Amino acid sequence: DGSVARLDTGTKISIDAAIFDPKTKTLVVKVQLLIGRVWSKIFSLATPESTWEVKTSNAVATVRGTSFGMVYNPKNKQSRVVVGEHKVGLGLLNDKGTVIRKDIVVIEERKTIVVTDELVRQVVENKKSVDQLVMIQGVEDAPRDVGIWVEESLRKDEETRIEQEGLSRNSN
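Cut-offs used in this document
- Residues numbered from 1 in each chain as written.
- Predicted model: local features only at pLDDT ≥ 70, side-chain atom pairs only at ≥ 80, totals over all residues.
- Heavy atoms only, no water.
- Helix = DSSP H or I, 4+ residues; strand = E, 2+ residues; numbered from the N terminus.
- Contact = heavy atoms within 4.5 Å.
- Areas by Shrake-Rupley, 256 points an atom, 1.4 Å probe, with all protein chains shown as cover.
- Buried < 20%, exposed > 50% of the residue type's maximum accessible area, 1.4 Å probe, protein only.
- Arc of directions from axis to C-beta.
- 1 Å grid on protein atoms, 1.4 Å probe; cavity = no way out; pocket = protein on both sides within 12 Å on 5 of 7 lines; lining within 4 Å.
- Points joined across faces, edges and corners; volume = space filled by probe spheres on them.
- Nonpolar A, V, L, I, M, F, W, Y, C, P; charged D, E, K, R; others polar.
- Pairing = 2+ DSSP bridges.
- Polar contact = N/O pair within 3.5 Å; in protein donor to acceptor, adjacent residues only side chain to side chain.
- Phe/Tyr/Trp six-rings, centres within 6.5 Å; stacked < 30°, edge-to-face > 60°.
- Salt bridge = Lys/Arg side-chain N within 4 Å of Asp/Glu carboxyl O.

A.B. asks: For the overall build of the protein chain, give the residues involved together with the corresponding values.
C.D. replies: Secondary structure assignment for the protein chain yields three helices and 11 strands. In sequence order, the protein chain lays out its α and β elements as β-β-β-β-β-β-β-β-β-β-α-α-β-α. Considering only residue pairs separated by 6 or more positions, the protein chain has 58% of its internal contacts joining residues 24 or more positions apart. Accessible area for the protein chain stands at about 9,400 Å²; split by element, carbon and sulfur atoms hold 51% of it.

Have a look at this one:
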C-alpha cells in the first residue's frame, strides 16, 4: 500500500511478518528493533485486521495510518517512541516479550516517551496501569536531536507520498 520503514545507519531489525493480501487489502507488518532507529510511515491500513507494529525488548508501538519513530539501545535497554503524525499506541512488554495486561497508552503527535526495564518493573511490581506510566515517566516534547530526525523523516514521507501519487497516476 506504499507504507515504508526507514532504517538509520547501523540499525538492525528482524522482520517477524510482512504480508499484504491484495484481495482483502490486509497489511500485517511486525518488526523487532534490535538496535538503532526505525521510522515508520503507514499511509493507510485499510482493514480492521491490518496492523503495523515495531517491538523492542520492553515496548511495542502499534499504529493505524500514521508516522512514528522508534529508537532502541540494547546496552541500557532503553526504548523511545516518538510520534510524527496522529497517535500511536504503546504497550509494555515483560521479560518474556508479551504485553503486560491489555491497556495501552496513547502518545500524541510530536510527543515522545522513554521506556526502560526499570519502568516496566515498576509497572509490574506496583500493579500500575500503562496509563500510570505516563504519570511516572511522562510524555514529553521530543529532544532537539530527535525532533530534527522527526522533521527530516516527515519531509521524506511527503516526498514518498508525492512519488506514489505520480506512480499511481501513471499506472491508470
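Having seen the model, we can carry on.
A.B. asks: Can you lay out helix α1 (residues 117-125) for me, pointing to particular residues and giving the numbers?
C.D. replies: Of the positions making up α1, those classed as buried are Leu-119, Val-120 and Val-123. For α1, the angular spread of buried residues about the axis comes to 100 degrees, placing them on one side.

A.B. asks: Give me the lowdown on the layout of surface pockets, citing residues and values where you can.
C.D. replies: Approximately 200 Å³ is the volume attributed to the largest pocket. Across the lining of the largest pocket, the residue classes tally to three nonpolar, four polar and four charged.

A.B. asks: Provide a residue-level description of the pairing of strand β8 (residues 88-92), including the pertinent values.
C.D. replies: β8 sits mainly inside the fold: five of its five residues count as buried. Side chains of β8 alternate between two faces, with Val-88, Leu-90 and Leu-92 and Gly-89 and Gly-91 buried alike. Here strand β5 (residues 59-63) runs beside β8; their pairing, made up of four bridges, is antiparallel. Residue Val-60 lies in a different strand from β8, and its bridge partner there is Gly-91.

A.B. asks: Quick one: what's the story with the side chain of Asn-58, residue by residue and with numbers?
C.D. replies: Its place among the elements puts Asn-58 in the loop between β4 (51-55) and β5. You can call Asn-58 buried: its relative accessible area is 0%. Looking at Asn-58, its side chain comes within polar contact range of the side chain of Thr-56, at 3.2 Å. Beyond its immediate stretch of four places on either side in the chain, Asn-58 contacts Lys-77, Ser-79, Gly-91, Leu-92, Leu-93, Val-115, Thr-116, Asp-117 and Val-120.

A.B. asks: So what's going on with the side chain of Arg-80? Which residues, and what values?
C.D. replies: Inspection of the secondary structure puts Arg-80 in strand β7 (residues 78-85). With relative accessibility at 15%, the residue Arg-80 sits in the buried group. A polar atom in the side chain of Arg-80 sits 3.1 Å from the side chain of Thr-112.

A.B. asks: I'd like a rundown of the packing of aromatic side chains, residues and numbers included.
C.D. replies: Tallying each qualifying case throughout the model produces one aromatic pair. When the centroid spacing of 5.5 Å and the interplanar angle of 80 degrees are considered together, the rings of Trp-39 and Trp-149 count as edge-to-face. Linking Trp-39 in strand β3 (residues 26-41) with Trp-149 in helix α3 (residues 144-171), this pair joins segments that are 110 residues apart in sequence. Take Trp-39 and Trp-149: they sit in the same class, and that class is buried.

A.B. asks: Tell me about the environment of Lys-12, residues and numbers included.
C.D. replies: Within the secondary structure, Lys-12 is located in strand β2 (residues 12-21). Note on Lys-12: relative accessible area 55%, which makes it exposed. Between the C-alpha atoms of Lys-12 and Arg-37, which are 25 residues apart in sequence, the distance is 8.5 Å.

A.B. asks: Could you give an account of the environment of Ala-142, naming the residues involved and the relevant values?
C.D. replies: Turning to its location among the elements, Ala-142 is positioned in the loop between β11 (140-141) and α3. Classification of Ala-142 as partly exposed rests on a relative accessible area of 24%. Not counting residues up to four positions away in its chain, the partners in contact with Ala-142 are Val-82, Arg-110, Thr-112 and Gly-147.

A.B. asks: Describe the pattern of salt bridges, and please don't skip the residues or the numbers.
C.D. replies: Counting across every chain of the model gives 11 salt bridges. Taking the shortest distance from any N to any O, the salt bridge between Arg-37 and Asp-8 comes out at 2.6 Å. Placement of Arg-37 in strand β3 and of Asp-8 in the loop between β1 (4-7) and β2 is noted, with a sequence separation of 29 residues between them. The exposure class assigned to Arg-37 is partly exposed, which follows from its relative accessible area of 24%. Residue Asp-8 is classed as partly exposed on the basis of its relative accessible area, which comes to 25%. Ionic pairing is found between Lys-156 and Glu-152, a salt bridge with its closest N-O pair at 3.3 Å. With Lys-156 and Glu-152 both in helix α3, this residue pair falls four residues apart, about one helical turn. Residue classification places Glu-152 among the partly exposed residues on the basis of a relative accessible area of 35%.

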